[in-house]
Amino acid sequence: MIPLFLDMEALSMLPDRIDYSLYVCTDRDMMSSQTIEESVEKALKGGAGIIQLREKSISGRDFYEEALAVHEITKRYGAPLIINDRVDIALAIGAEGVHVGQSDIPCSAVRKIVGKDMLVGVSASSVEEAVKAVEDGADYLGVGAMNPTATKTDADSVTMKELVAIRKAVTIPIVIIGGINKETAPRYKGLGIEGIAVVSAVVSSPDPEKSAKELKELWLS
C-alpha cells in the first residue's frame, strides 16, 4: 500500500514508477547547449525519464552547486536525478540516486551509506558483475558498452549474447549504454531491456528536445 502522506512528486519517483526508457547522461564537453541546466531541461522536455549528472573535471563545490541547480529542474518534471560516482554529492543535495562503476566505491558500501530509499545503479559488463550488483543491493544496472563510444573509451565491450545472459540472470531493470542512437537502438528491442542510456545522441544534438523525443518514441514503438 502507498502511504497517504506521499506527495505527487514523491509518488512519481517510487521505484516501480520510474521510467527507464530514456536515461540521459550529461556531458559538458559534448553538449550543444550553453549550460548543463539548459541541456537537461531540453532532454526532459523531449521525454527523458531519468537524468544522470556526470562531472569529471570540476571541483566538488562546483559539482555541488551544479547538482542543486539541476535538481530543481528534474523535480519540476518528476524525474529522478542520479549522481555519477559522488555519493557525497548525492546525499548533500538529496538526489534520488547515485550510479557507480566497477572501479568506484562498491555497491554494498554505497547501499550502507545511502540507506534503502535512494536508488543505486551499477555499471556491469558481465553476468558475474550483474549478479554481484544485485546481491549488493543495486536497483538497476547500466550494461555496456554495447558499441564503441567516445564518452567511455575504457569501457569493456558487451556482446549481444552476454546482454541476453545478463537479462536472464537478473530481474532488476537494465538500461544499455555505449553508442546508443537512432541507428543502433532498434537492435536491442524485444530483449526485455527497460531502457536506453544515451549521452551524445541527445546532448550533442543541435536539437536535444527533438532527438530525445525521437529516441523515446523509437524505443517504445
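Nothing here was measured: the structure is a model prediction, and the numbers come from that model. (Residues numbered from 1 in each chain as written. Predicted model: local features only at pLDDT ≥ 70, side-chain atom pairs only at ≥ 80, totals over all residues. Heavy atoms only, no water.)

Undergrad: Help me out: how do you make sense of the pairing of strand β3 (residues 81-84) in this one?
TA: Here is the key point about a regular strand: its side chains alternate between the two faces of the sheet. Burial of β3 is two-sided: the residues Leu81 and Ile83 facing one way and the residues Ile82 and Asn84 facing the other way are all buried. Of the pairings in the sheet, the one linking strand β2 (residues 50-53) to β3 comprises three bridges and is parallel in character. Bridging from a neighbouring strand, Ile51 pairs with Leu81 of β3. Handedness of the β-α-β unit built from β2, helix α3 (residues 60-76) and β3 comes out right-handed. One ladder, built from three bridges, connects β3 with strand β4 (residues 97-100); its direction is parallel. Each residue of the ladder has a partner; that of Ile82, found in β4, is Gly97. Crossover connection from β3 via helix α4 (residues 87-93) to parallel β4: handedness right-handed. (Buried < 20%, exposed > 50% of the residue type's maximum accessible area, 1.4 Å probe, protein only. Helix = DSSP H or I, 4+ residues; strand = E, 2+ residues; numbered from the N terminus. Pairing = 2+ DSSP bridges. Right-handed = clockwise from strand over helix to strand, strands pointing away.)

Undergrad: Would you mind showing me how to read the pattern of salt bridges here?
TA: Enumeration according to the criterion identifies 15 salt bridges in this entry. Its salt-bridge partner being Glu65, residue Arg61 comes within 3.0 Å of it at the nearest N-O pair. Note that Arg61 and Glu65 are positioned in helix α3 at a spacing of four residues, about one turn of the helix. Take Arg61: its relative accessible area is 58%, and that puts it in the exposed class. Among the residues examined, Glu65 registers a relative accessible area of 40% and is labelled partly exposed. Bridged by salt links that share partners, the residues Arg28, Glu55 and Glu66 form one connected network. (Salt bridge = Lys/Arg side-chain N within 4 Å of Asp/Glu carboxyl O.)

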